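Letter by letter, the chains look like this.
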Amino acid sequence: MGSPFEYAPAPESRSIVDIKPSYGLFVNGEFVDGHGKSFKTISPATEEVLAEVAEADEADVDAAVKAARKAYDKVWSKMPGRERAKYLYRIARIIQERSRELAVLESLDNGKPIKESRDVDVPIVAAHFFYYAGWADKLAYAMPHSAGRGSDPQPLGVAAQVIPWNFPLLMLAWKIAPALACGNTVVLKPAETTPLTALLFAEICQQADLPPGVVNIVTGAGGTGQALVSHPGVDKVAFTGSTEVGKAIARAVAGTDKKVTLELGGKAANIVFDDAPLNQAVEGIVNGIFFNQGHVCCAGSRLLVQESVAEELLAKLKRRMSTLRVGDPLDKNTDIGAINSAEQLARIRELSDIGEAEGAGRWSPECELPQHGFWFPPTLFTGVSQAHRIAREEIFGPVLSVLTFRTPSEAVEKANNTPYGLSAGVWTEKGSRILSMANQLRAGVVWANTFNKFDPTSPFGGFKESGYGREGGRHGLEAYLR
Ligand code: TAP
């Protein structure tokens, strides 16, 4: 590995977005000071402080839930679907208009490459609001069994939504767009390390003249999330994050009438058969594990390759990995940005060291890493066995564990040998094999000859410890309707 270097973030992109020195909470359509403390959000690429953000305490959460309840009772649940749709369309259009600001702010606060926030995250965020705007006046078709009773299905009420740091704006869109389309109001808590785009989204709600209290944003750490999900005024809890916190939330709401959806961790298998187009598969493997620094719940973090092509595929993969550029998230040529936090970097380092200690072969291309900030080179481990911790635990970083198999049934057995079941990839020329694998893999999403493809019309969610409920598509509406 090369020596660390200094880089100065591109000043011209930085000036696209106006970051305020401090931010309050967004409650009842206004930014208000919290009663609690505040915390700093930093750029993980430089460790510079971007802004000071209010940390909502129980009283702040209570005020936000009350504002959401009032907006639900008096305005939003009474508004016809076609009127709610107009607000969602307006929000979608403003997101498109302000897409550069949103992309730069996301890359600054999260560390992800600008070409991803600009070309993937923000366009899909806008697409989500457009898509769910279209459903708002057609809910009887979303739940045909309740349409027979002569009325539209009813919303649930106030939704508490808690999201992680890996796709801050996209996870917000996955949560807020369907909830609002169905007539619910929301209180959303972004992750502590990435609050800024949710606060810019709050400004967009103001710009769209969304009625006060329909969307409320409470920033803070785990304690704020805990206060929100356990608030008695909440009717629905939607959580995306780690399996550990998901289990704690399931326990916290047990015995209440709150409806819950959980989108949790993953350890996906990306399975390459000997008849696969190998060059195309290499692109899919790289996208599967190095997209968003591997901070992806459905990342293809276990490569299962058929023994007869393993050597050829690994040689091609290493050559491709050597071309990946790690560095400034605001540089349009960057492929791998910064790791989101010092804690996450420590976890990636720890698990990678364990992988080496347990006997797997570690390899990274020559690659210079910046001196400040949090960085990890693209890494692969060969000779990994199913017992290794790097084959079982979610690393949530740019680290690929390579295992081999001989027969399709061995591939299925290994792919399913995990407590998770969010996604999988299959690379083969044979259509019949794709269908047979998709039937046997215990994963919510199975991609064939591609990976990490997302679309608002398509439901997403897991089996086993990856959670329950679906987000996206018509299925995503069911989570917000009675
Ligand atoms: P978590 O540590 O679980 O945090 C997720 C959110 O929950 C954060 O906003 C967090 O606040 C909050 N939180 C923490 N403790 C809480 C509690 N006791 N009650 C209520 N809320 C609490 O996950 P993360 O590290 O941000 O994200 C990574 C994980 O998310 C990975 O496991 C990944 O697989 C998963 N993920 C899953 C999906 C889907 S769709 N299945 C998508 C993206 C990510 P703080 O940030 O302040 O701690």
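Residues numbered from 1 in each chain as written. Predicted model: local features only at pLDDT ≥ 70, side-chain atom pairs only at ≥ 80, totals over all residues. Heavy atoms only, no water.

If you check an unreviewed UniProt entry, the protein chain appears there as Aldehyde dehydrogenase family protein from Nocardioides mangrovi. Per UniProt, the protein chain carries the Sequence similarities (unreviewed entry) text "Belongs to the aldehyde dehydrogenase family." (UniProt positions renumbered as here; feature names shortened; annotations may be inferred.)

## Quick notes on the overall build of the protein chain
Broken down by element type, the protein chain carries 18 helices and 18 strands. In terms of C-alpha radius of gyration, the protein chain reaches 22 Å, essentially the compact-globule figure of 23 Å for 482 residues. The buried share among the 482 residues of the protein chain stands at 60%. In the protein chain, of all internal contacts separated by at least 6 residues, the share reaching a separation of at least 24 is 76%. Carbon together with sulfur atoms contributes 50% to the accessible area of the protein chain, which is approximately 18400 Å² in total. (Helix = DSSP H or I, 4+ residues; strand = E, 2+ residues; numbered from the N terminus. Rg over C-alpha atoms; globule rule 2.2 N^0.38 Å. Buried < 20%, exposed > 50% of the residue type's maximum accessible area, 1.4 Å probe, protein only. Contact = heavy atoms within 4.5 Å. Areas by Shrake-Rupley, 256 points an atom, 1.4 Å probe, with all protein chains shown as cover.)

## Some remarks on the UniProt feature "active site" (unreviewed entry) in the protein chain
Following the UniProt record, one finds the feature "active site" (unreviewed entry) at Glu263. Position of Glu263 relative to the elements: it lies in strand β10 (residues 259-263). The exposure class of Glu263 is buried, given its relative accessible area of 3%. Leave out the neighbours within four places in its chain, and Glu263 touches Phe239, Thr240, Gly241, Leu422, Phe460, Gly461, Gly462, Ser466, Gly469, Arg470 and Glu471.

## A short note on the packing of helix α4 (residues 99-110) against helix α9 (residues 196-207)
Close contact between α4 and α9 brings their axes to 9 Å; oriented N to C, the two are set at 155°. Looking at the two axes, α4 sits roughly antiparallel to α9. Of the residues in α9, those in contact with Glu101, Leu102, Leu105, Glu106 and Asp109 of α4 are Leu196, Thr197, Leu200 and Ile204. Along the lines of polarity and charge, the residues of the contact of α4 with α9 split into five nonpolar, one polar and three charged. (Axes fitted to C-alpha atoms, helices over the stretch in contact; angles between N-to-C directions. Parallel < 35°, antiparallel > 145°, perpendicular 65-115°, else oblique. Nonpolar A, V, L, I, M, F, W, Y, C, P; charged D, E, K, R; others polar.)

## A look at the pattern of salt bridges
All chains considered together, the criterion is met by 23 salt bridges. The residue Glu203 makes a salt bridge to Arg98 at a minimum N-O spacing of 3.4 Å. Here Arg98 lies in the loop between α3 (81-97) and α4 and Glu203 lies in helix α9, a separation of 105 residues in the sequence. Comparing Glu203 with Arg98, the two get one shared label, buried. With its nearest N and O atoms 2.7 Å apart, the salt bridge here joins Asp335 to Lys115. In this pair, Asp335 sits in the loop between α13 (307-321) and α14 (342-357) while Lys115 sits in helix α5 (residues 114-135), placing the two residues 220 residues apart along the sequence. The exposure class of Lys115 is partly exposed, given its relative accessible area of 27%. (Salt bridge = Lys/Arg side-chain N within 4 Å of Asp/Glu carboxyl O.)

## Some remarks on the site of the ligand
Looking at the ligand, there are 29 residues lining it, with Ile163, Ser242, Leu264, Cys297 and Glu394 nearest. One of the side-chain N or O atoms of Lys189 is found 3.0 Å from an oxygen atom in the ligand. Take Ser242: an N or O atom from its side chain is 2.6 Å from an oxygen atom of the ligand. Relative to its unbound accessible surface of 910 Å², the ligand loses 87% to contact with the protein. (Near = heavy atom within 4 Å. Polar contact = N/O pair within 3.5 Å; in protein donor to acceptor, adjacent residues only side chain to side chain.)

## Quick look at the nonpolar core
Membership of the largest hydrophobic core comes to 113 residues, with the highest contact counts inside it found for Ile95, Phe129, Val215, Val272 and Leu317. Among the elements that take part in this core, helix α8 (residues 168-181) stands out by supplying 11 residues, more than any other. Beyond its immediate stretch of four places on either side in the chain, Val215 contacts Phe26, Ile176, Leu180, Val186, Phe201, Cys205 and Leu210. Formed by 28 residues, the second largest nonpolar core is a distinct cluster that contains Ala269, Phe273, Val399 and Ala424. (Core = buried A, V, L, I, M, F, W, Y, C linked by side-chain atoms within 4.5 Å.)

## A few points about the packing of α5 against α8
Where α5 meets α8, the axes come as close as 9 Å, and the angle between the chain directions of the two elements is 5°. Classified by the interaxial angle, the pair formed by α5 and α8 is roughly parallel. Of the residues in α8, those touching α5 at Asp121, Val122, Ile124, Val125, His128, Phe129 and Tyr132 are Leu169, Leu170, Ala173, Trp174, Ile176, Ala177, Pro178 and Ala181. The residue inventory of the contact of α5 with α8, partitioned by class, reads 13 nonpolar, one polar and one charged.

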